[in-house]
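# Coordinates in review
What follows is the residue order along each chain.
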Amino acid sequence: MDQWQPLTVPVQANPVGNVEERRLAAPGLAISTVIFALKPSETSGRPTLWLPLVRRIREPFKGQWALPGGPLRHDESLPEAASRNLLDTTGLAPRYLEQLYAFGGLHRSPAQRVVSIVYWALVQPEEAELPGEEENVRWFRADKVTDLAFDHQEIVDYALWRLRNKMEYASIAFHFLGEYFTLAQLREVYEAVLDKPLDPANFRRHVTNAVGIEPSDRYLQGGKHRPPRLYRYTGPAPSSTPRTAPNTARNPS
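Residues numbered from 1 in each chain as written. Predicted model: local features only at pLDDT ≥ 70, side-chain atom pairs only at ≥ 80, totals over all residues. Heavy atoms only, no water.

As annotated in an unreviewed UniProt entry, the protein chain carries the name 8-oxo-dGTP diphosphatase and is attributed to Arthrobacter woluwensis.

Quick look at the structure:
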């Protein structure tokens, strides 16, 4: 469940030559993934955004929390590497997996220049159970993670920014809730991601007039009151083209 490990440059008798070798060495390549899921808040019980992290067991940054990830093998594609590393570190196999950004700052790792291809995933409640949750693998509130290894805090902040921009596309709710959902469940997704309450009447009016969200002939059963109607998203998939990021994440590194 450990992160990628920087390649070790052999120690040379000539320190100048050693520095030169480091300067000319090809950068390492790693895969990391930001996984978002809706889980109940510890206080209110309402859905909030969470993500799993792994504790590093080796240097650099031994003992600190980091995004799940690992190396890219020569015989696999980038999506295959993201899925494999995610399964190896957390036991999760989300259905929604999309490339987020490439992070390649000069000083991401203290030992070697490393470029990370970062993916992000959105998981539904039934997918959000960590089979291997233990001391070194744990869920955290996405808005409360701090002091992560490498530049992973910046990566999480950028992923949150991208997710909030994508909330204009209703299909994002499908990846959190499944094919069918009530309007109340959809509003909870928006409130969790945007981190603010929304007026139920205005939200309902906006959603029922939106293209691509249609009522079904199904109803949510099991409540004490009249069962609410279930809706489904039938519109196009959202674009994966990134916009210009805010100043805090315009040039991730």
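## Details of the side chain of E76
Mapped onto the secondary structure, E76 falls in the loop between strand 4 (69–71) and helix 2 (78–90). Here the side chain of E76 touches R73 through a polar contact of 3.0 Å, landing on its backbone nitrogen. Apart from the residues within four sequence positions on either side, E76 is in contact with P71, A81 and R84. (Helix = DSSP H or I, 4+ residues; strand = E, 2+ residues; numbered from the N terminus. Polar contact = N/O pair within 3.5 Å; in protein donor to acceptor, adjacent residues only side chain to side chain. Contact = heavy atoms within 4.5 Å.)

## Points about the pattern of salt bridges
Under the counting rule described, the total for this entry stands at 10 salt bridges. Residue E42 pairs with R141 through a salt bridge whose shortest N-O separation is 3.2 Å. With E42 in the loop between strand 1 (28–40) and strand 2 (47–55) and R141 in strand 7 (residues 137–141), this pair connects stretches of sequence that are 99 residues apart. Assessed through its relative accessible area of 13%, R141 is described here as buried. A salt bridge links D88 to R84; the nearest nitrogen and oxygen atoms lie 3.5 Å apart. Here D88 pairs with R84, and both are found in helix 2, just four residues apart, close to one helical turn. Members of the salt-bridge network, linked through shared partners, are E42, R141 and D143. (Salt bridge = Lys/Arg side-chain N within 4 Å of Asp/Glu carboxyl O. Buried < 20%, exposed > 50% of the residue type's maximum accessible area, 1.4 Å probe, protein only.)

## Observations concerning the pairing of strand 6 (residues 114–123)
Summarising burial for strand 6: nine of the 10 residues are buried, a large majority. Note: strand 1 against strand 6, 10 bridges, orientation parallel. Residue pairing for strand 6: I31 is matched across the bridge by I117. Examined bridge by bridge, strand 5 (residues 96–103) and strand 6 share seven bridges and lie antiparallel to one another. Within strand 6, the position partnered with L97 by the bridge is A121. (Pairing = 2+ DSSP bridges.)

## A word on the nonpolar core
Counting 40 residues, the largest nonpolar core has V34, F36, L49, L163 and F176 as the members making the most contacts within it. A total of seven residues in this core trace back to one element, the largest contributor, which is helix 3 (residues 152–166). Here this core spans two domains, and each of domain 1 (27–167) and domain 2 (170–233) adds at least three residues to it. With 12 residues, the next largest nonpolar core counts A37, L92, V123 and W139 among its residues. (Core = buried A, V, L, I, M, F, W, Y, C linked by side-chain atoms within 4.5 Å. Domains from an automatic or database assignment.)

## A short note on helix 2
Between its first and last C-alpha, helix 2 extends 18 Å over 13 residues, near the 18 Å set by a 1.5 Å rise per residue. For helix 2, the full list of buried residues reads A81, A82, R84, N85, L86, T89 and T90. Residues of helix 2 that are buried in the fold lie against strand 1, strand 2, strand 4, strand 5, strand 6 and strand 7. One or two steps after helix 2, the chain reaches G91, where phi turns positive at roughly 80°. (Expected span 1.5 Å × (residues − 1).)

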